[in-house]
Structure formats: C-alpha cells, structure tokens
Amino acid sequence: MAGLPTAAATAVSTTTTAAAEPGLPFHAWAPTPPMGWNSWDAFGASVTEAEYLDNARILAERLLPFGYDTATVDIQWYEAGATSSWYRPFAPLLLDAHGRPQPAPNRFPSAAGGRGFAPLAAQVHRLGLRFGVHLMRGIPRQAVGLELPIAGSTFRCHEAANPGSTCAWNTDMCGVNPEHPGAFDWYRAWFAQLAEWGVDFVKVDDIAAPSYHAKEVALIRRSIDATGRPMVLSLSPGPSLLEQAAHLQAHANQWRVCNDFWDTWPQLRDNLANLVKWAPHARAGAWPDADMLPVGRIGLRNFDGEPPARGERETRFTRDEQLLMLTAWTCARSPLILGNDLRRLDDWTLRVVTNPEVLALLRVPGAREWHSSAHGHRFVCHGPQGTWAAWLNTGEAPWHAPLPGWLPDARRDCWARADLPGGTRALTVPPHGARLVRCGAAPLHKDKA
C-alpha cells in the first residue's frame, strides 16, 4: 500500500481483473457497463409517454454521443391511475387475455388498440436508442384471481403462481412456483411479448426480498434466451447478495448492490462501501450496479421517501459529492443510469456526466485495486491506456494525499481536464470529494471545449 498516509496502516485491499471477453452468450449484450436514463427518480410510478419521449430525445441528442444509449420506463406503466411514486394497493391493472401487463393508454396513447409498447419502442429505436422497461417478478395477482390462461400453455396463471411469495411494498404481483412447469410457460410467454414489442432492456424488481429468488432468476434467464432477442437483464435490488455473486454473473448483465439510492450523504457513503466489496465480481457482461444517479432535477412526483428524499428538488448532493459519486461508479464500473429530468438538464451536470476523461475509465480493461483507509478509499487501475488513480474522501476534513512514487509522469487531472503542474507531489481531496488522475505513456486527452 505504498503511498497511503500513515493513518491507513490497517487498510484493506481488494483486487479485481476484468474478463477480456464475455463469458456467456448474453454477456456480449453488455460488454461494458450499460449507460442511459430511467424515469423513476423524476417521475416515480407515473411517467407518461410524452414525458418519456421528451427525455429520450434529449438523451439521443446530447448524451448518446458519450455512450448513454438506453431509455427505460420504470415501474407500473400498466397502472392507469398512477399519479406519483405511491402504489395504490390492489389497483386494477391493464392486462391482456393471458394476464400479461399492458401499457395504460391514458398514459401511453400509442399503446391503444392492443399495440403495447411496439410503437413507442419503434420511436426510440429511430432515435438510435435502446428501449427499456421495468418488470415486477412473478404473475399479476389479478391474473391469478381470474385464473387466466397462460399464452401457449395448457396451464393457467393460478396453477403456476405461488400466492405466498409476494412483494413487501407493492401488491401488483405474486411469485411463481418455480417447480411447476407452468412457471416457465408464464415467463416465456411474457418475454415473448416483450420481444415482439422490441424491448432491449428489462429491469426485474423484487428479486431479493426476503431472500434471493434464484430459481425465478434462472427462469427469467431461460425465457429471455428463448426469445432469441438480445435483452439486457438488470436485477433489482440486492444489498446483501455477495454470496450469490456467481449465480448473478451466470444469469444477469447487471444487479443492484443496494436498496433504492437517493441524494443523501449516508447513502452515498454506504454505497461506496458496497462498490468496494463488489469490485472483485465485475466482469465483461456482468456488472454490479450501484443504482441510478440522482443528479440535476429529480423527485418531480416522488413522495414516498424519508426526508430529505421526497419532493421535487435539485439534487441535495454537493458538487464535490457528485464528483465522488461519479468517480466511484466509474472506477467500480457500475452502470451509469441518469435519474434526472433531462428537460431541465443544466450545463454543469451535463459537463460532469459527459466528461470523456472520466467515462474512459468505465470501459478500460485491466486490474483494479481498492485500498480502504481512515480517510476513505484509494483506487488504482493499470490498463492499456495508462495508469489511473483515484482518492475518494469519505471524511469530514481535507485529505492531503501523497502521489505514489511509482505513478508515471505526464499526470492528468481528469475532473479538471488539465495536466497537473510539473513536480506535483500531493493532492488535496476535499471532504466528501474525490480526485482522479490518469498518467502513463498513452496520449492524454486534451479538452477543447
């Protein structure tokens, strides 16, 4: 641990090396961490087609050139009465004759006439983006109660369901009985419809409470593969699933390592610790996910969090905390999914989330080391484009961090987009802040903005 301050004598180091090539066929669908936008942080359960498309167009115009290519409709798009992030208990859901959720036409007019998400997905594809949707694990309770037939199966929804496996915070669904042959029929029929619509990304929720639903995850993986369509699979949430790392790698492209993440310092500090733990398990096509980035204008219709996580606002993270967050996410190769209302995207936020010198680290292969200390964490990556080093200060005082002698010359301050002055021997890392340096023989990016 050369170069760490004396206070780091009890530091813990973890090292991970990215796989050079995807290990399973579906890993090829996400060879680098997915990037994009999700409707939840701004619109809760009530996003409309117009709001979604407004954000998708901005994503395509201003952020797609930097890799943000997926726009996702989050939870309860099949609930006509949704108005915020509250879930109406046992609300009537829009289903087809086989129990599969359908977009509510009062919120998604292009879905009228049984067209589902196909017209919206086509518009998104024309923008050059991938179309994503949120799903809840299992079968709609409404379909179970009505004993609806499963499409293409001799079984009915109530036969494949497990009414005792329900979500603690949402009443829409109940789990399947994975031992029943109708369970695979259900998921296969549901994902076949998603594939027909043109879905490219699925975020499956309620996957780890009260325990990890490994058998349902396996059914979901089989069902996606059966469609023949490359749909990136994101699992959510999972703060205590480290022991399931191998299973997650073998079935999903990304998986949450935390509960819902909002703009509070304790959550950011704790999530950084989650990323450090999960760092050894990141590999090409399979990425630990620290959740959406609550930057910019968020919470337009979100009211179910504890203060200060409720209500429309600019992110409560300071600028230093936002730089620490983005440094941690990129160093750990977490997916970068923006949660803000892009219609109100300010210049500072845009410049930060599109900083090419920082985003490059998200994609570079190579060994990655995390060193934990009394100040916070130091990160090191040796890759083909040079050496990267980051200091992430979780303390309440500045961290005066010496630059290790083994770092090559030509050192570049990535956030400042400027070369460090010659002879620099130490960096000052602000409280709740981060510094990211790139150095080595590879040519350094010169900012021309």
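Everything in this summary refers to the structure shown in the same document. (Residues numbered from 1 in each chain as written. Predicted model: local features only at pLDDT ≥ 70, side-chain atom pairs only at ≥ 80, totals over all residues. Heavy atoms only, no water.)

**Some points on the overall build of the chain**
A tally of helices and strands in the chain yields 12 helices and 22 strands. Taking 2.2 N^0.38 as the reference for a compact globule, 449 residues should give roughly 22 Å; the C-alpha atoms of the chain span a radius of gyration of 22 Å, in line with that estimate. Projected onto its principal axes, the C-alpha positions of the chain cover 75 × 40 × 40 Å. For the chain, the proportion of its 449 residues judged to be buried stands at 60%. Taking all contacts inside the chain whose residues are at least 6 apart in sequence as the whole, residues at least 24 apart take part in 73%. Total accessible area on the chain stands at roughly 16,300 Å², and carbon and sulfur atoms take up 55% of it. Side chains of the chain give 42 positive and 43 negative charges; the mean places of these two sets differ by 4 Å. (Helix = DSSP H or I, 4+ residues; strand = E, 2+ residues; numbered from the N terminus. Rg over C-alpha atoms; globule rule 2.2 N^0.38 Å. Buried < 20%, exposed > 50% of the residue type's maximum accessible area, 1.4 Å probe, protein only. Contact = heavy atoms within 4.5 Å. Areas by Shrake-Rupley, 256 points an atom, 1.4 Å probe, with all protein chains shown as cover. Lys, Arg positive; Asp, Glu negative; His and termini not counted. Charge placed at Lys NZ, Arg CZ, Asp CG, Glu CD.)

**Here we look at the nonpolar core**
Nonpolar side chains in soluble globular proteins generally cluster together in the buried interior. Judged by nonpolar contacts, the single largest core of 125 residues is most densely connected at Tyr 52, Phe 131, Leu 194, Val 202, Leu 235 and Trp 329. With 10 residues, helix α6 (residues 181-197) is the largest single contributor of residues to this core. Not counting chain neighbours up to four residues away, the residues in contact with Leu 235 comprise Val 204, Ile 207, Tyr 212, Val 217, Leu 248, Ala 252, Gln 254, Trp 255 and Arg 256. With 11 residues, the next largest nonpolar core counts Trp 391, Leu 427, Val 437 and Cys 439 among its residues. (Core = buried A, V, L, I, M, F, W, Y, C linked by side-chain atoms within 4.5 Å.)

**Some remarks on the pairing of strand β7 (residues 173-176)**
Note: strand β5 (residues 139-140) against β7, 2 bridges, orientation antiparallel. By the bridge assignment, Ile 139 is partnered in β7 with Cys 174. With 3 bridges joining them, strand β6 (residues 161-166) and β7 adopt antiparallel strand pairing. Note that in β7 the partner of Ala 161 across the bridge is Val 176. Linking two consecutive strands that pair antiparallel, namely β6 and β7, is a turn of 6 residues. (Pairing = 2+ DSSP bridges.)

**Comments concerning the packing of α6 against helix α7 (residues 214-227)**
The interhelical angle for the contact between α6 and α7, taken along N-to-C directions, is 45°, at an axis separation of 8 Å. By the angle between their directions, the pair α6 and α7 is classed as oblique. Crossing angle aside, the handedness with which α6 passes α7 is right-handed. Listed contacts from α7 to Ala 183, Phe 184, Tyr 187, Arg 188, Phe 191, Ala 192 and Ala 195 of α6 are Glu 216, Leu 219, Ile 220, Arg 222, Ser 223, Ile 224 and Thr 227. Split by residue class, the contact of α6 with α7 holds 9 nonpolar, 2 polar and 3 charged. (Axes fitted to C-alpha atoms, helices over the stretch in contact; angles between N-to-C directions. Parallel < 35°, antiparallel > 145°, perpendicular 65-115°, else oblique. Left-handed = near helix turned anticlockwise from the far one by under 90°. Nonpolar A, V, L, I, M, F, W, Y, C, P; charged D, E, K, R; others polar.)

**Concerning the sheet that holds β6**
Across the sheet, 3 strands lie side by side as β5-β7-β6; this open sheet has antiparallel pairing. Every interior strand has two partners, whereas the edge strands, β5 and β6, have only one. Packed on one face of the sheet, α6 meets β5 and β7 and runs near 125° to β7.

**Topic: the sheet that holds strand β14 (residues 336-338)**
Read across the sheet, 8 strands follow the order β11-β10-β9-β8-β4-β3-β2-β14 without closing on themselves; strand pairing throughout is parallel. The strands lining the two open edges of the sheet, one partner per strand, are β11 (287-289) and β14. Ignoring strand direction, the axes of neighbouring strands in this sheet form an average angle of 25°. Direction of pairing for strand β9 (residues 232-235) relative to strand β10 (residues 254-256): parallel, over a ladder of 2 bridges. Note that in β10 the partner of Leu 235 across the bridge is Trp 255.

**Some words on the packing of helix α2 (residues 49-63) against helix α3 (residues 118-126)**
Two elements in contact, α2 and α3, have axes separated by 10 Å at closest approach and are oriented at 15°. On the basis of the axis angle, α2 is roughly parallel to α3. When the axes of α2 and α3 are compared, the crossing they make is right-handed. Side by side, α2 and α3 meet where Glu 49, Tyr 52, Leu 53 and Arg 57 of the first sit next to Leu 120, Gln 123 and Val 124 of the second. Considered class by class, the residues forming the contact of α2 with α3 number 4 nonpolar, 1 polar and 2 charged.

**Some words on the pairing of strand β2 (residues 35-38)**
Along β2, one buried face is formed by Met 35 and Trp 37 and the opposite face, lined by Gly 36 and Asn 38, is buried too. With 3 bridges joining them, β2 and β14 adopt parallel strand pairing. The partner of Trp 37 across the bridge, within β14, is Leu 338. Relative to strand β3 (residues 70-73), β2 runs parallel, the two being bridged by 3 bridges. In the strand pairing of β3, Asn 38 is matched with Thr 72.

Remember, this is a structural readout, not a statement about activity or role.
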